[in-house]
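Coordinates in review
Each chain, letter by letter, is given below.
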Amino acid sequence: MNYKSGTPIISLDDFKKLKKQGRVGAKKKGQKAKEEMYQILHDTGLSIQCEFKFHPIRKYKFDFAIPSKQLAFEYEGLLSEKSGHTTVKGYTANTEKYNLATCEGWKVLRYTALNWQNIKADLKKLI
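Residues numbered from 1 in each chain as written. Predicted model: local features only at pLDDT ≥ 70, side-chain atom pairs only at ≥ 80, totals over all residues. Heavy atoms only, no water.

A closer look at helix H3 (residues 88-103)
The test is simple: Runs of H or I in DSSP of at least four residues are treated as helices and runs of E of at least two as strands, each being numbered from the N terminus. Here the expected length of a helix is defined as 1.5 Å per residue gap, with one fewer gap than residues. Buried, partly exposed and exposed residues are distinguished by accessible area as a fraction of the type maximum, computed with a 1.4 Å probe on protein chains only: under 20%, between the cut-offs, and over 50%, respectively. Think of the arc as the fan of directions from the helix axis to the C-beta atoms.
Between its terminal C-alpha atoms H3 stretches 22 Å, which fits the 22 Å expected from 16 residues at 1.5 Å a residue. Burial in H3 covers these residues: Gly90, Asn94, Lys97, Tyr98 and Ala101. Along H3, the residues classed as buried sweep out an arc of 90 degrees about the axis, all on the same side. Of the residues in H3, the exposed ones pointing more than 90 degrees away from the buried face are Val88, Lys89, Thr102 and Cys103.

See the structure below:
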C-alpha cells in the first residue's frame, strides 16, 4: 500500500503497519492512545484523513483531520523522550501551526495521554 499525506482513511491494521515502519507519527508510549483515537474517529463513519497537510505552502500536518468540516485532532506526545512538544522551539512551532490553522478556519482539538478519551464526547458536541 502506498501511503501519502492526506490519503483517505485506512484500516486499523494498515495504520498499525505504518506505525511499525515509522511512517506515521506517534512515539512508543503514545502509540496505543493514538491508535485508539484513530479507531474512535474511524467508527464515526466520517471521512478521516491521517497526517493531513492542511496548508498549501507550510509543511504542517494534523495527526487526524476531517477536511470537509475543517476539524483537526492532534495527539500531543508529551511523554516521549524525543518529543518536540517539550522543547521551547518545538512548542513554539506547534503554537505557530495551531494559530495558522485557526486563522485558516480550522478547529483544532488537542489531546494527551491523560485526556484522549474525551475525543468521542467532543466530537458529539461539534458534529
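Describing the side chain of His55
Our working rule: Pairs of N or O atoms are called polar contacts if they sit within 3.5 Å, as long as, within protein, a hydrogen donor faces a hydrogen acceptor (for residues adjacent in sequence, only side-chain-to-side-chain pairs). In what follows, a contact means two residues having at least one pair of non-hydrogen atoms within 4.5 Å.
Locating His55 in the fold gives a position in the loop between strand S1 (49-53) and strand S2 (61-66). Reaching out from His55, the side chain makes a polar contact with the backbone nitrogen of Ile57 at a distance of 3.1 Å. Within the structure, His55 has its side chain in polar contact with the backbone nitrogen of Arg58 (distance 3.1 Å). The residues touching His55, leaving out its near neighbours within four places in the chain, are Leu100 and Glu104.

A closer look at the confidence of the model for the chain
The following threshold applies: The predictor attaches a confidence to each residue, called pLDDT, with possible values from 0 through 100.
Per-chain confidence: the chain averages 81 in pLDDT, with 74% of residues scoring 70 or above. Per-element mean pLDDT across the chain ranges from 71 in helix H1 (residues 12-20) up to 96 in strand S4 (residues 107-111). A low-confidence stretch, residues 1-8 stays under pLDDT 50, and its non-local contacts, those more than four residues away or across chains, total 23 contacts.

Digging into the nonpolar core
This is how the line gets drawn: Only buried Ala, Val, Leu, Ile, Met, Phe, Trp, Tyr and Cys residues count toward a nonpolar core, and they belong to the same one when joined by side-chain atoms within 4.5 Å.
In terms of nonpolar packing, the biggest core is built from 18 residues, with Met37, Leu41, Phe64, Phe73, Tyr111 and Ile119 touching the most fellow members. Every element with two or more residues in this core is listed here: helix H2 (28-42), S2, strand S3 (71-75), S4 and helix H4 (119-126). If you tally residues by element for this core, the top one is H2, at five residues. Met37 has contacts with Phe64, Phe73, Glu74, Tyr75, Tyr111, Trp116 and Ile119, leaving out every residue within four places of it along the chain. Counting residues in hydrophobic clusters, the runner-up holds eight residues, among them Phe54, Phe62, Ala72 and Ala101.

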